[in-house]
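Single-letter residue listing:
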Amino acid sequence: MDKFIPYGKQLIEDDDIQAVLEVLKSDFITQGKKIPEFEKALAEYCGSKYAVVFNSGTSALHGAYFATGLEKDDEFITTPITFVATSNAGLYLKAKPIFVDIEADTGNIDVSKIEEKITNKTKLISVVHYAGHPVNMEKIKQIAEKYNLKVVEDACHALGAMYKEEKIGSCKYCDATVFSFHPVKHITTGEGGAVLTNDEKVYEKLLMFRNHGITKDKNKLINTQEGDWYYEMQILGFNYRMTDIQASLGISQLKKLDRFIKKRREIAKIYNQAFKNIPYFDIPIEKEYAFHSYHLYPIRLKKDYKDKKADIFKALRDNGIGVQVHYIPVYWQPYYQKIGYEKGLCPKAEDFYQREISLPIFPAITDNDVNYVIQKTLEVFQKI
Ligand SMILES: *Cc1c(COP(=O)(O)O)cnc(C)c1O
């Protein structure tokens, strides 16, 4: 079968390509003007004071955890229904991920189960706005204030989403928000990511962390400046810089974000209409505090179909529908098993994994393909 509709992909248009060409023909293809321009545009879009772009969402997470103070032997609370990077970024700092179970409808961390996992080692809560549906951040903020914890949002699914009146990334309810610009995400720079924050100290740490821990800022030097060449490496950082080539693509893509989100929401609406009240699976919900950005369209198999997931998945793939599963619980990964996590830790997350399938949703999908997905999906379930 030739047809293959992926679960997600980028939409690059002529003006995006033009923007990249301009940088390629200029004097600076990295560390030029496009980086601060992209950062300013991102912060403005989301309503935060600062944005620092990185070369991936994963390095941005690493930066966000570092800059908010996560250290060796600290514990941080997170969800198992996420991409491994959310948790791995804490392991890079030798901190310990503590997994809290999820709520079955949104797939987000169950806020009511966080407090029982807090110890005197807990430093940070890292939430994931699964599929683009925001976590109830007001409640997260209350817990964080009660126990003096930092909050990072892994918002790699949620650029353009809103919690109550606020864009995700405004950082009204957290210390830092992380985005990814991988091609399946809402906008792309090829590879890329960003951390948004309202905290000047966090901002300054992020800048150093992304550039080997180096500063040239005269006001921040430990020793006296010996001349204009002088710089200091004050912390152990990394080369996590984005290029200007990528930033120019990001600037161009960001202008289209509202159109992309609108399209994703339209597709979700069509699916919702086609799949409501069917006996096979549950469809995504949108709680009263949420404006969903539909990075994913996750369906959850009903009880009678849970055991047939592998067959359903295969039948959909055989029909050219590029379904995917989000996610295998992080602590089920062999590496996590090896370092001591055991299956059974988060029963709802494990059940969610066994039911979940993500249907294609992306701005470039055609109406024909949306209808094809609906028709074939119903057919597959009727036959199974
Ligand atoms: C994509 C993603 C990441 C990692 O982003 P990269 O840009 O691929 O490094 C982290 N967390 C979540 C939830 C993601 O979806």
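The coordinates are above.
Spatially, β2-β10-β9-β6-β5-β3-β4 is the arrangement adopted by the seven strands of the open sheet, whose pairing is mixed. Lying at the two open borders of the sheet, with one neighbouring strand each, are β2 (50–54) and β4 (96–99). Ignoring strand direction, the axes of neighbouring strands in this sheet form an average angle of 25 degrees. Note: β2 against strand β10 (residues 193–197), five bridges, orientation antiparallel. Bridge pairing in β10 links Val53 to Ala194.

Time to look at the sheet that holds strand β7 (residues 162–163). Spatial ordering of the open sheet is given by β8-β7-β14, a layout of three strands whose pairing is antiparallel. The sheet is open, and its two edges are formed by β8 (166–167) and β14 (290–291), each paired on a single side. As defined by bridge partners, β7 adjoins β8 across two bridges and the pair is classed as antiparallel. Note on β8: the bridge partner recorded for Tyr163 is Glu166.

On to the nonpolar core, then. By size, the foremost hydrophobic cluster in this structure holds 48 residues, and its most contacted members are Phe38, Ile114, Met137 and Phe181. For Phe38, the contacting residues outside a window of four places in its chain are Val53, Phe181, Ile187, Thr189, Met242, Ala247, Gly250, Ile251 and Leu254. Residues Tyr271, Ile357, Ile361 and Phe362 belong to the second largest nonpolar core, which totals 31 residues.

What follows is about the side chain of Ser48. Assignment of secondary structure puts Ser48 in the loop between α2 (34–46) and β2. Ser48 sits in the buried class, given a relative accessible area of 10%. Engagement of the side chain of Ser48 in a polar contact is seen with the backbone oxygen of Tyr50, the distance being 3.1 Å.

As a further point, take helix α8 (residues 257–275). Under the 1.5 Å per step criterion, the end-to-end length of α8 is 27 Å for 19 residues, consistent within 8% with the ideal 27 Å. Among the residues trailing α8, Asn277 stands out with phi positive, at a value near 60 degrees.

As a further point, take unusual backbone geometry. Cis peptide bonds are those with omega within 30 degrees of zero, and the linkage from His326 to Tyr327 qualifies with 5 degrees. With respect to the helices and strands, Tyr327 occurs in the loop between β16 (321–322) and α11 (334–338). Even without being glycine, Asp73 reaches a positive phi, approximately 70 degrees. Topologically, Asp73 is positioned in the loop between α3 (57–67) and β3 (75–78). Here the phi dihedral of Asn277 falls at roughly 60 degrees; this positive angle occurs in a residue that is not glycine. Turning to its location among the elements, Asn277 is positioned in the loop between α8 and β13 (281–282). A relative accessible area of 76% places Asn277 in the exposed class.

Next up on the list: the environment of Pro6. Inspection of the secondary structure puts Pro6 in strand β1 (residues 5–6). It is 6.6 Å that separates the C-alpha atoms of Pro6 and Ile321, two residues lying 315 residues apart in sequence. Residues contacting Pro6, with those up to four places away along its chain left out, are Gly322, Pro360 and Phe362.

Right, let's talk about the site of the ligand for a bit. The environment of the ligand is formed by 15 residues, the closest being Gly57, Thr58, Asp154, Ser180 and Lys185. A distance of 2.8 Å separates a nitrogen atom of the ligand from a polar atom in the side chain of Asp154. A distance of 2.7 Å separates an oxygen atom of the ligand from a polar side-chain atom of Ser180. In isolation the ligand offers 380 Å² of accessible surface; the protein chains occlude 93% of this area. Secondary structure elements with two or more residues in the shell around the ligand: α3 and α4 (84–92). A class-by-class count of the residues in the shell around the ligand yields five nonpolar, eight polar and two charged.

Applying the stated criterion across every chain, the model contains 27 salt bridges. A salt bridge links Asp16 to Lys256, with the shortest nitrogen-to-oxygen separation between them at 3.0 Å. Of the two residues, Asp16 is situated in helix α1 (residues 14–24) and Lys256 in the loop between α7 (244–254) and α8; the sequence distance between them amounts to 240 residues. A residue is classified by how much of its surface remains accessible, and Asp16, at 0% relative accessible area, is buried. A salt bridge links Glu44 to Lys40, with the nearest nitrogen and oxygen atoms 3.5 Å apart. One end of the pair is Glu44 and the other is Lys40, both in helix α2 and four residues apart, which spans about a single turn. Just as Glu44 is exposed, Lys40 falls in that class too. Overlapping salt bridges bring together Glu13, Asp15, Asp16, Lys256 and Arg259 as one network.

Glancing now at the packing of aromatic side chains. Tallying each qualifying case throughout the model produces 26 aromatic pairs. We note Arg265 situated over the ring of Phe291; from NZ or CZ to the ring centre the distance is 4.0 Å.

What counts as what
Numbers given for residues are sequential positions, taken from 1 along each chain in its written order. In keeping with the predicted nature of the model, local features appear solely for residues at pLDDT of at least 70, side-chain atom pairs appear and are counted solely at 80 or more, and the whole-chain, interface and lining totals rest on all residues. Only heavy atoms go into the side-chain values, all of them from the structure, while hydrogens and water stay out. When DSSP finds two or more bridges between a pair of strands, those strands are recorded as paired. Every helix listed is a DSSP run of H or I at least four residues long, and every strand listed is a run of E at least two residues long, numbered separately from the N terminus. Axes, fitted as lines to C-alpha atoms, cover a helix only where it is in contact. Angles between the N-to-C directions of the axes lie from 0 to 180 degrees. The nonpolar core is taken to be a set of buried Ala, Val, Leu, Ile, Met, Phe, Trp, Tyr and Cys residues, with the residues joined through side-chain atoms within 4.5 Å. We call a residue buried when its accessible area falls under 20% of the maximum for its residue type, exposed when it is over 50%, and partly exposed in between, using a 1.4 Å probe and counting protein chains only. Working rule for contacts: check all heavy atoms of both residues, and any pair within 4.5 Å makes them a contact. N or O atoms closer than or at 3.5 Å make up a polar contact, with two conditions inside protein: a donor-capable atom paired with an acceptor-capable one, and, for residues adjacent in sequence, both atoms drawn from side chains. Multiply 1.5 Å by the residue count of a helix minus one, and that product is the helix's expected span. Residues are classed as near a molecule or strand on a simple rule: at least one heavy atom within 4 Å of it. Per-residue accessibility takes into account occlusion by the displayed protein chains alone, with areas from the Shrake-Rupley method and a 1.4 Å probe. Three residue categories are used. Nonpolar comprises Ala, Val, Leu, Ile, Met, Phe, Trp, Tyr, Cys and Pro, charged comprises Asp, Glu, Lys and Arg, and polar comprises the others, including Gly. Definition used for salt bridges: Asp or Glu carboxyl oxygen within 4 Å of a side-chain nitrogen of Lys or Arg. Each aromatic pair joins two rings of Phe, Tyr and Trp (for Trp, the six-membered one) with centres within 6.5 Å, and gets the label stacked for planes under 30 degrees apart, edge-to-face for over 60, and tilted for any other angle. Here, over-ring charges are defined by two tests on the NZ atom of lysine or the CZ atom of arginine: distance to the ring centre within 6 Å, and angle to the ring normal within 35 degrees.

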